[in-house]
Amino acid sequence: MGLPPPAPLLLGLLLLLGILRLLWGDLVFIPAFIRMTGPAVTASLVGGTEDVTVSLTLLQDKEGLLPVPACGVLTNETGDWSLTVTPTVNALEVTVRLKRGRQRCSSNETESSSESPCMVQALLVSASRNSSCLAHLLIRVEIYANSSLAHNASENVTVIPNQVYQPLGPCPCNLTAGACDVRCCCDQECSSNLTELFREACFTGIFGGDVSPDSDHLCSVQESRGVPGWFPFLCVQSSPANSPFLGYFYHGSVSSQRRASFGVPLRADLRDLSDFGYKQGDPIMTVDKTYFTIPQVSLAGQCMQNAPVAFLHNFDVRCATNLEAYQEQDGGVIHMKIKNGAVGGVVTPRVTYEEAADPDAFITRTGTLLSNESASRNVNVEEHYIFRWNNNTISEINVKIIRAEINAHQKGIMTQRFTVKFLSYNSGDEKEFSGNPGYQLGKPVRALDINRMNNETTLHLWQSAGRGLCTSATFKPVLFGEDTLSGCLLEVGIHENCTRLRENAAELLDSLVRATHVAMRGNSDYNDPSDDWLEIIRADAADPGAAPPVSVRGLCADVPARLHIRILVSDAGAVEGMTQHEIVGVETRLSTVNWQFQCGLTCEDKADLFPVSASVQFIKIPAQLPRPLTRFQINFTEYDCNRNEVCWPQLLYPLTRYYQGEPYSQCVAKGLLLLSFFVLAAFLSNPWTRTCKA
């Protein structure tokens, strides 16, 4: 199927006339010829476009001859085609479009010859003035059956597979919908004839469709790849469907919304197993088959309003909310009915309300009120949830909500706090250890102040908000095993007294360590200071009250600016295979700097910002001094696991001291049992049997 013989001659004449007319400044189409394979094409008509009429004609060949173009009959509708003319600067933009309602390619034609064009036509766009032809545009139409025109976009529904059983994207190189992609052998839209053209040059790897490759440890890969002779003894016998590339890659919550809600509908593919008891990490369910949700902070730092609460998972988060977008929940948690983990069991939260003592500590105002109306509303600034659990059930839920009364038209940013804590049903108080007996990673470092009646405390760091000023910063505890750096800004004027500046900075830094002792273990008793409590070593620092001999306006020397907290930790054995960590020493040290007021072109009498900071560093030391390296170990590094890819000392890894997954005695017992099986198999083998018969 092609154009009639006169078409190339007509094309050449149009191109020649177009170039000459463009040089003469006459009316001309740019370009003068278009090969059309899609639903629409566009060309520009330049020159004198005043009083110009554009028409579209479908060229029908009769006995191998194209008709002579006639500009007398002007129409913008020609069968399956429509013509649109849009005026632009010194030109006209001409668009020829195929009507979407016409389907020229039937399903039978598509299946029988998907590589041949199903529509071949010739279109002629003419520009005339007073029925006199001035310029022509020739369009050659070739539309294929496997192009996107043969499909209705509304019927192309994307089905997302279940990632547990099959990959989310089985063919990444399939980039064009409804058409064959060259070199993409996994594209189902490529026929066998087309695939044979590029089968030797197919894309490889994940991009070529190998999204779930066989693991190198499977026994089934022996036939397809070159493997050593001992491979059959150590390979893994498993089904290819059991692939490490399948499964859920992220167990998260539903997408966040502006309005907080305590119920999120279940997905269709999830089952509610809360009637058979909760396990650690299971989402807590309501009687309405929804998740019990509380706002939480994601790994990206965003606040997710509808994050499910996981069983036995504690958290303490803060979320920033715009007061204009804040809406109080309908009914809130007071009317929620939560499944307790037993069949038919329901627990209703007990809610108590308190008024915030200082609402300004939670709200950063961004504007002033334009009206002094007395209308007010209540907002929740803190919500504290305490779950009492018994085995795999929930016996009691206590909620304390701290509210603040603000003006109904108040604008600003409100910082909300949400805490969840799971306690045993028979625990007498809400105090919890930081480990038992050793510290757990992420738990607060326990501290003691023997100079106060209420000696319970901890080490703190700053948590800045708003402008980052020290006056508005709050405290957060130092968590075991987490190196942290925090700071805030102190406002200082050009006429600041240096002695007072040093005293203020030293007092700010000293407020972070209001303690005299630190607990060695995570369960040290506060009532017994002799129960493994270590005294904090405070390194000598300059006296903040001692002024330097020279005092210059806008310049102060030896101002305390940074507090260094160094905590020495070590491993103190293991309990049921879990390594126990303990603190063996704590030191605090102050660093000073020389402060100078920063002036621009002129030194104005306005406040400057002086940064103060605090850092926490955990240093792990060995419980015993390591044995010195021998001369052989220093010179010959073949057996050094840190310098070589092959680690011979860990050849029998489960039987070595490097393996910490199980107690060493159990590893030895299992190893001896496995060795006995090998010995028994060796005695029952053919060589031994023939030796005994002989």
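Scroll up to find the structure this text is about.
Predicted, not measured: the structure shown is a model, and the values here were computed from it.

### Here we look at the pattern of salt bridges
In a structure, side chains of opposite charge can pair up when their charged atoms sit close to one another. All told, the structure shown has 11 salt bridges when counted by the stated rule. Asp510 serves as the salt-bridge partner of Arg538, at 3.7 Å between the closest nitrogen and oxygen. With Arg538 in strand S29 (residues 537–538) and Asp510 in helix H5 (residues 498–510), the pair connects residues that are 28 residues apart, well separated along the chain. Relative accessible area serves as the criterion here: at 41%, Arg538 is assigned to the partly exposed category. Its relative accessible area of 34% is what places Asp510 among the partly exposed residues. Close ionic contact of Glu587 with Arg566 constitutes a salt bridge, the shortest N to O distance being 3.5 Å. Taken together, the positions of Glu587 in strand S31 (residues 578–596) and Arg566 in strand S30 (residues 555–575) put the pair 21 residues apart, joining distant regions of the chain. A relative accessible area of 21% places Glu587 in the partly exposed class. Judged by its relative accessible area of 29%, Arg566 falls in the partly exposed class.

### A closer look at the sheet that holds strand S23 (residues 456–458)
One open sheet accounts for four strands, arranged S23-S22-S27-S28; its pairing is antiparallel. Looking at the sheet topology across the chains shown, the edges are occupied by S23 and strand S28 (533–535). Each adjacent strand pair in this sheet contributes to an overall mean axis angle of 40 degrees, direction not counted.

### Observations concerning H5
For H5, built from 13 residues, the straight-helix expectation of 18 Å at 1.5 Å per residue is met to within 8% by its first-to-last C-alpha distance of 18 Å. For H5, every residue scored as buried is listed here: Cys498, Leu501, Arg502, Ala505, Ala506 and Leu509. The buried residues of H5 occupy one face: seen down the axis, they fall within an arc of 125 degrees. Next to the buried residues of H5 lie strand S24 (460–463), strand S26 (484–492), S30, S31 and strand S32 (608–620). Backbone nitrogen of Thr499 and a side-chain oxygen of the N-cap are separated by 3.0 Å at the start of H5; the cap is Asn497.

Rules used throughout
Residues numbered from 1 in each chain as written. Predicted model: local features only at pLDDT ≥ 70, side-chain atom pairs only at ≥ 80, totals over all residues. Heavy atoms only, no water. Salt bridge = Lys/Arg side-chain N within 4 Å of Asp/Glu carboxyl O. Helix = DSSP H or I, 4+ residues; strand = E, 2+ residues; numbered from the N terminus. Buried < 20%, exposed > 50% of the residue type's maximum accessible area, 1.4 Å probe, protein only. Pairing = 2+ DSSP bridges. Axes fitted to C-alpha atoms, helices over the stretch in contact; angles between N-to-C directions. Expected span 1.5 Å × (residues − 1). Arc of directions from axis to C-beta. Contact = heavy atoms within 4.5 Å. Polar contact = N/O pair within 3.5 Å; in protein donor to acceptor, adjacent residues only side chain to side chain.

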